[in-house]
Every structure is written in C-alpha cells, then in structure tokens.
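The residues making up each chain are set out below.
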Amino acid sequence: MRGRLLPSLNAIRTFEAVARYNSFTRAAEELNVTQSAASRLVRSLEEYLQVPLFTRQSRRIELTDQGRFYNELVRDSLDLIEAGTVELISSKEGKGTLSIGMLPTFGTRWLVPRLPSFQEAHPEISLNIISSDGALDFTKERIDVAIRFGHGEWKDAIVDPLMGEEIQVVCSPKLMQGDHPIISYDSLRYHRLIRHSTRPNSWDHWFRSVGAHREDQQWGPTLEHFFMVIQAAVAGLGVALLPTFLIEDDIRNGTLVTPFTDRIAGPGAYYLITSAAKSELPRVKLFRRWLLDQLA
C-alpha cells in the first residue's frame, strides 16, 4: 500500500506563517527559527511540489497563483487540526466549552431564558453562544451545534426538528389610532410593510394564506434580524409579520397590537443541527438531550 504523499509538516507550518505575515522575518520570529532557516524550509517545499509558491523581488515577497491556492488548503487544514486539538484537550469527562451557533432573536427571546436550567444541571460545561444565521459551517465558525430555521436539509449533520411557528400581523398602537386604522386586509395598503431580509417572501405567503390580495402595498424597511423588525414595528415604522412566540411579551404589555386574529403556519421550522463529527462528545450529547427534553 502506498504511503501518503505529504511534504514535511515543518515546511508546511513555515510556509503558512510566511504567507500569513507576507514576511520571512516575522514568520521566523513566530516559529523561533532564523530567517535563513525559514527560507530554506519554504524552498524545500517548493522543490518538493515542483512549483514556485512565492515571487521574490528585492525585499518583497508575494504569493504566486499556485501559492495562493496551496495556502488556502494549508490554512484550512491547520485550522481544522488546531480545532480538533483544542477539542480533545477540553473534552475530558464532558468538560470544556459548548459552542452554540444561534439565530440572534431566537437565542435572546427563547433559548437564553431557558439556559440557566442547563447550566445548573451541568456546571462543568462552559457555554459560548455565537450569533450565527448565515450558511452553516461548523469548522469555520468553530461551533458544536446550531439552531437554524429552514426545511431540515443540512448535510453531514444530525438534524432534530424543534418547533414550527405561527406568524401574525402586528403594529404599534399608534397606527391603530391614526387616520387609517387597520380594520381589514384592504387597510394594509395605507401602511408600509416591514420585511425580514432572510424571509423575503413571508408577506406573499401570508396574503395567499388568508386569501387576500396584495395590491398597491407600500414597502417599509428591510431588516436583517427579527429583533430589528420588532423594534421597527414598536417605533411605528410600519406593519410587521412576526412569529407569535417572539412577541408574546410585547403583545402582553401593549407595545404591539394584533389587528387580525389570523395566525398562519410559517413556511418552515426551527431545527437543532449537530455536527456529525462532534455528536458523540459528552457535552454535545448532554445539550442535545436537554434541549429536546425542553420541547417534549
């Protein structure tokens, strides 16, 4: 069986440091070697690969196209090794830090208020909560688990459905006391409709679901997070379409009102997504079990 076709790890580490600093001198200082030693290691790597990784002009160096390509691979690989090393060191007997990639408003309004019970049950586990709502990449974000809204289609992961959502129309009481109170679906044409940037079709879904026509609608601001949408509605910037469970307190204390009784099932659900590579870590198993118990 043929062995792996790999260059010297020392040469790889040196190449990555030189590319990161764009300097042999600074890379040599980090690695605690001489500048000439760092230069020799990079040259040995170029000879092994039989391609130039840097162009050298006077005192300036610059990555070649091949160097940029190789640097991305090397950097990502070293990041992965580093993360795995930290992972193993911190995972003894279930201890360590659990990193959770969290939708900002869901985290603030639903998860965080419930986390004290997890922390009381497992004081040996530290929590690191990261605002995360873009494309899911466990390695780059350095997270163990994530909560996302969607349709359950995430590869190379364990996916547990958490909850669906009902959405409803809300606005500031000031709008209901103005010249055009919202007393029918048609009344919405006098008001700006606030949109959530990651759910651009929510209003179309709502109009279809209630059997109303969307004609002559005015669009208000488009905002990135639900907590921004909530605050925009409270401030009277327009009418919002929001998940009921996120605005129960606002409705209860009167900062938002519901012009209609309609509660429409949203086009998706919330999911707990666990990295398949980390699913057997004690802290990950404990959190997954705890979260699913919260919704049982």
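Residues numbered from 1 in each chain as written. Predicted model: local features only at pLDDT ≥ 70, side-chain atom pairs only at ≥ 80, totals over all residues. Heavy atoms only, no water.

### A short note on the environment of Asn 201
Piece 1. The residue Asn 201 is located in the loop between strand 8 (192–196) and helix 9 (202–210) in this model.
Piece 2. For Asn 201, a relative accessible area of 54% translates into the label exposed.
Piece 3. Along the sequence, Asn 201 and Ser 131 sit 70 residues apart, while their C-alpha atoms lie 23 Å from each other. (Helix = DSSP H or I, 4+ residues; strand = E, 2+ residues; numbered from the N terminus. Buried < 20%, exposed > 50% of the residue type's maximum accessible area, 1.4 Å probe, protein only.)

### Observations regarding the pattern of salt bridges
Piece 1. Tallied over the full model, the rule gives 18 salt bridges.
Piece 2. One salt bridge in this structure joins Arg 142 and Glu 82, with 3.5 Å as the shortest N-O distance. One end of the pair, Arg 142, is in the loop between helix 7 (138–141) and strand 5 (145–150); the other, Glu 82, is in helix 4 (residues 65–90), with 60 residues separating them in the sequence.
Piece 3. The partly exposed category is assigned to Glu 82, whose relative accessible area is 43%.
Piece 4. Between Glu 280 and Lys 285 there is a salt bridge; the shortest N-O distance is 3.5 Å.
Piece 5. Residue class for Glu 280 comes out exposed when judged on its relative accessible area of 60%. (Salt bridge = Lys/Arg side-chain N within 4 Å of Asp/Glu carboxyl O.)

### Some details on helix 2 (residues 24–31)
Piece 1. Along helix 2, the residues classified as buried are Phe 24, Ala 27, Ala 28 and Leu 31. Buried residues of helix 2, viewed axially, fall in a sector of 100°; they line one side.
Piece 2. On the buried face of helix 2, the contacting elements are helix 1 (9–21), helix 3 (35–49), strand 1 (54–57) and strand 2 (60–63).
Piece 3. The backbone nitrogen of Thr 25 lies 3.2 Å from a side-chain oxygen of the residue at the head of helix 2, namely Ser 23.
Piece 4. Where helix 2 terminates, the next one or two residues include Asn 32, which has phi positive at roughly 60°. (Arc of directions from axis to C-beta. Contact = heavy atoms within 4.5 Å. Polar contact = N/O pair within 3.5 Å; in protein donor to acceptor, adjacent residues only side chain to side chain.)

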